[in-house]
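Here is how the chains run, residue by residue.
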Amino acid sequence: MPLGIIFKRAFRDIRQNLVTHIMTTIVVALTCLVFIFFSIFSLNLQRIADRFGRELAIVVYLKKDIPQNKIPSLYQKITSMKEVEKVKFISSEEAFKRLENYFKDEKEVLEGVDPLFLPPSFEIQINRAVYNPSRVRAMAKELAQWPEVQKVQYGKEWVDRLESFSEAVRAAVIASAVLLLVTAAFVVSNTIKLTVYARQDEIEIMRLVGATNGFIQGPFLLASFIQGVTGSLVALIVGLFCYKYVYGIIGQTELIKSLDLQYLPPSYMAVIVLVSGFFCMIGTAMALRRFLKL
Amino acid sequence: MLSGDQSVIELREVQKKYAPDIVPLENVNLTISKGEFVFLTGPSGAGKSTFLRMLYKAEEPTGGTIIIDGVDLSSLSKSQIPQLRRKVGVIFQDFKLLYHKSVFENVALSLEVLGFKKDQLANRVRQVVEGVGLSSKLHRKVVQLSGGEQQRVAIARAVVNRPPIILADEPTGNLDRKRTMEVVTLMEELNARGATIIFATHDETLFKNTHRRVLYIKDGKIEER
Ligand SMILES: Nc1ncnc2c1ncn2[C@@H]1O[C@H](COP(=O)(O)OP(=O)(O)O)[C@@H](O)[C@H]1O
Ligand SMILES: [Mg+2]
C-alpha cells in the first residue's frame, strides 16, 4: 500500500474542506469531554474509596466469657482470611485503658467500674488490594456467625453508600463512552461522506485505472482517524485546563487536599485517543462500504 | 478455435442486450491474438463503446463468456477487477479526465494506483507527456486545454503504465488530420513494443489502405473486413 500517497490525499482532503473538518473535530472533542468529565469523577471516587477502604476496620467483639486460650486460634483463623491485612487483639484490659485515656482528667467517672466490663475484640484492617465493599460485607456477616463472636461492627452504611454511588458513576462513564463512540463515529463518517461526494468523479476514474479498494478508501479512513485523534487530544487538553481551574477554586481546603485528587493517568489518556481514532475509522469504513458499494 | 495461449481476448457467444430492441451484440464469437492491432468500426450507435466497456468489466454481457489473458471475466470478484484494469489501458471516448487537475496529476494517477515512487513516477509521466506533445503544458489544468489536447492527455494516462492491452475508443475524434496521424503512429509504436490494440473509430480513412485486421459492427454482428 503506497502510504505516502494515502497520507498526501488524506491531508489534501482535510485542507480543502478545512472548516467542515474543524467543526467535526470540535464535535468529537465535545463528546470526548463529556466522557473525560465522568472519567475524572469516577477515577477519583475510586481513589477515595480505596483510601477509605484501606483505613476501614472491622471490629469483632468477642463474648466476654471467652477463655484466654481460644484467642490465638481465633487470631490465626482471622489472619488466614485473604481479605485481611492486619489483625490486632484488644483485650478487655486494653480496651479499658483506652477508655481511661479517653477521659484523661476525668478518670474519676470510671472509679469503681470493673476493668473487665468491656468485651475483648479484634481490630481487622482490610487488605486494600482486594478491597471491595461487597466482600467486606460478606466477611462481616461470616464473622458474626462464629460462636465466639458477640457483635461485628464496620462502616456498613458508608460502605454501602459508596458502593452504590461508585456503581452509578461507573454506569455514567460507560454510557458516556458509548455516546462518545457512536456520536464521534457518526459525525465523522458523515463529514467523510461529504468529501467522498466531492470526489466521486475522481473515485470513478481511479477505479477505471485499476485502483484497489484499499487505495480508494485509505485516505478517507486516515482522515477520519486523524479527526478522532485530534478531537480527543483537544478534549484532553481542554479537560486538563478545566480540571486545573476547578481545582484552583476548591482545592484550597485541607479536606480536598487530603483526598489527593488527580487528572487522568497517561495510559487512560492514550486509550481514549486511540479508541476515539479507531471508532471514527470504523464508522467511516461502514459508511464507505455502503456508499462505495464495495 | 484452439488459439492456445496466443489469444489474449476471446469472446464466446457474447450477447449484450439493453432492451428488447437495443441489442448491440448478438452471439459474437471472436479471438484477438497477442500483439494484434485491430480496428473496430461501425456506424455511430452500433455498439463499439459497449463492446470495449465489456472488456474492462465496466459492463456485463447479458450472455456468453469473455476471456482476457486467460481469465474468464465473469469469474472475477470485485476485488480482482483492479488487476484486470491494470492490464487494460483505456482511452475513453469522453476522456474521463479530472478537469481541475493538471496534466501531470491526471497522467500520474495511473501510476499512483500502482504505488510508483515519486521520482520514477515523475520521470515516466514526463516522458509519456512528451510523447503526446504536451510537455509545455505539463502543469496546466486540463480545463484550460483544447479538446484535442485533452484527448492526448487521455491517451497519455492510458499508456503510461505500459498495459499489455490498449483499448482506444475514438481516440482521434477531436483531432485534426495531422494530430490524428500522430495518434495512429503512436498506437503503432505501442503495438510494435508488444501491446495488443483495439482501435475503435468510425473514420474509414484510417484503415482504408491498412493491412491490419478490421472488425465491423452492425446490427449486433461483428464481421471481418
Ligand atoms: N447504458 C445504456 N443503457 C441503454 N442503452 C445503451 C446504454 N449504453 C449504450 N446504449 C445503447 O447501445 C447502443 C450502442 O451504443 P455504443 O456502444 O455507445 O455505440 P458506439 O460506441 O458504436 O457509438 C446504442 O443504441 C446506445 O443507445
Ligand atoms: Mg462510442
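Just above sits the structure.
One structure accompanies this document, and this report is about it. Source: prediction; values computed, not measured.

All names here are of chain B. Taken together, Ser49 (OG) and Gln93 (OE1) make up the full set of protein donors to the magnesium ion (ligand 2), lying 2.0 to 2.2 Å away. Of this pair, serine 49 sits in helix 1 (residues 48-55) while glutamine 93 sits in the loop between strand 6 (88-91) and helix 3 (103-112), and the two are 44 residues apart along the sequence. By relative accessible area, which is 16% here, serine 49 ends up buried.

What follows covers the pattern of salt bridges. For the structure shown, the criterion picks out 23 salt bridges over all chains. Here Glu60(B) makes a salt bridge to Lys57(B), at a shortest N to O gap of 3.2 Å. Given the relative accessible area of 11%, Lys57(B) is considered buried. Here Asp94(B) ties to Lys96(B) by a salt bridge, and the two come within 3.3 Å at their closest N and O atoms. For Asp94(B), a relative accessible area of 46% corresponds to the partly exposed category. Each of the salt bridges in this network shares a partner with another, and the network as a whole consists of Arg9(A), Arg12(A), Asp13(A), Arg199(A), Glu202(A) and Glu112(B).

Our focus in this paragraph is the sheet that holds strand 9 (residues 213-218) of chain B. Residues and elements named next belong to chain B. Pairing in this open sheet of 6 strands is mixed, and the strands run 6-7-8-3-9-10 from one edge to the other. In the strand order of this sheet, the two ends are held by strand 6 and strand 10 (221-224), each with one partner. Each adjacent strand pair in this sheet contributes to an overall mean axis angle of 20°, direction not counted. Docked against the sheet, helix 5 (residues 147-159) engages strand 6 and strand 7 (165-169), running at close to 175° with respect to strand 6. Contacts from helix 6 (residues 177-192) reach strand 3 (37-41), strand 6, strand 7 and strand 8 (196-200) within the one sheet, and its direction differs from that of strand 8 by about 155°.

Our next topic: the interface of chain B and chain A. Facing the 16 residues of chain B at the interface are 19 residues of chain A. Buried area between chain B and chain A, both sides added, is near 1500 Å², and the carbon and sulfur share of it is 65%. If you sort the residues of chain B by the area they bury against chain A, Arg85(B), Glu112(B) and Val113(B) come out on top, with a joint share of 32%. Scanning the region where chain B abuts chain A turns up 2 salt bridges. Put simply, Lys96(B) and Glu204(A) hold a salt bridge, and the shortest N to O gap is 4.0 Å. Contributions of two or more residues to the side of chain B that touches chain A are made by helix 2 (81-87) and helix 3 of chain B. Counted by class, the side of chain B that touches chain A contains 7 nonpolar, 2 polar and 7 charged residues.

Rules behind the numbers
- Residues numbered from 1 in each chain as written.
- Chains lettered and ligands numbered in written order.
- Predicted model: local features only at pLDDT ≥ 70, side-chain atom pairs only at ≥ 80, totals over all residues.
- Heavy atoms only, no water.
- Donors = N, O, S within 2.8 Å, 3.2 Å for Na, K, Ca; no water.
- Helix = DSSP H or I, 4+ residues; strand = E, 2+ residues; numbered from the N terminus.
- Buried < 20%, exposed > 50% of the residue type's maximum accessible area, 1.4 Å probe, protein only.
- Salt bridge = Lys/Arg side-chain N within 4 Å of Asp/Glu carboxyl O.
- Pairing = 2+ DSSP bridges.
- Axes fitted to C-alpha atoms, helices over the stretch in contact; angles between N-to-C directions.
- Contact = heavy atoms within 4.5 Å.
- Buried area = accessible area lost by both parts, 1.4 Å probe.
- Nonpolar A, V, L, I, M, F, W, Y, C, P; charged D, E, K, R; others polar.

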